[in-house]
Amino acid sequence: MIIKVKTLSGRLPRYETDGSAGMDIQAYLKEPVELKPGMRALIPTGLFMEIPSGYEVQIRARSGLAVKYGIGLTNGIGTIDSDYRGEIKISLINWGQESFTVNDGDRIAQMVAAKYEKVSLKKTEKLSETERGRGGFGHTGI
């Protein structure tokens, strides 16, 4: 599958290793952005994509930023739909205890392309039984 990408910076997302599932996405900034503890910011990437129908691009946090600095995504995982043509922006939050500065070119998130299937929903009054049943939210222990 090929995704067409328009880039303002000349940079494209890329896989950092052969086994990487996600491509790192870089910030496209004229000036650094300081994220103080608890602060959120929408960080531009200078990327615009033409995602094929039947696919989405998932935006995910970078584990190194999360563990080392407490930087994550405000919405957990973001979805870029195939009909969106605007600039890809990353909604970062500083969960950490110290300020964090985002600079132009910093790898701030990763993207994973995923095929999806549209489904139809059917109303029912009864669902099939399973071993798990209604158990959830840690019902099997730690």
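Throughout, a residue's number is its position along its own chain's written sequence, starting from 1. Per-residue local features of the predicted model are confined to residues with pLDDT of at least 70, and side-chain atom pairs are confined, for both listing and counting, to 80 or more; whole-chain, interface and lining totals are unaffected and use all residues. In computing side-chain properties, one takes all heavy atoms of the structure into account and sets aside hydrogens as well as water.

- Where an unreviewed UniProt entry is consulted, the protein appears under the name Deoxyuridine 5'-triphosphate nucleotidohydrolase, with the organism given as Lentihominibacter hominis.
- UniProt positions are given in the numbering used here, feature names are shortened, and annotations may be inferred rather than shown by experiment. As its UniProt record puts it under Catalytic activity (unreviewed entry), the protein is described as follows: "dUTP + H2O = dUMP + diphosphate + H(+)".
- Taken verbatim from the UniProt record of the protein, the Pathway (unreviewed entry) comment is "Pyrimidine metabolism; dUMP biosynthesis; dUMP from dCTP (dUTP route): step 2/2."

With respect to the sheet that holds strand β10 (residues 107–115)
In any sheet, the strands associate via hydrogen bonds between backbone groups, in a parallel or an antiparallel arrangement.
Now for step 1: Here the rule is simple: two strands pair whenever DSSP picks up at least two bridges between them. Each helix is a run of DSSP H or I of at least 4 residues and each strand a run of E of at least 2, with the numbering of both proceeding from the N terminus. Taken in spatial order, the four strands make up an open sheet running β2-β10-β5-β7, and their pairing is antiparallel. Each having just a single partner strand, β2 (23–26) and β7 (78–80) make up the two edges of the open sheet. Between one strand axis and the next, the sheet turns by 35° as a mean value, whatever way the strands run.
Now for step 2: As paired strands, β2 and β10 are joined by four bridges and run antiparallel to one another. Within β10, the residue paired with Q26 across the bridge is R107. All axes are obtained by fitting lines to C-alpha atoms, using only the stretch in contact for helices, and the reported angles, taken between N-to-C directions, cover 0 to 180 degrees.

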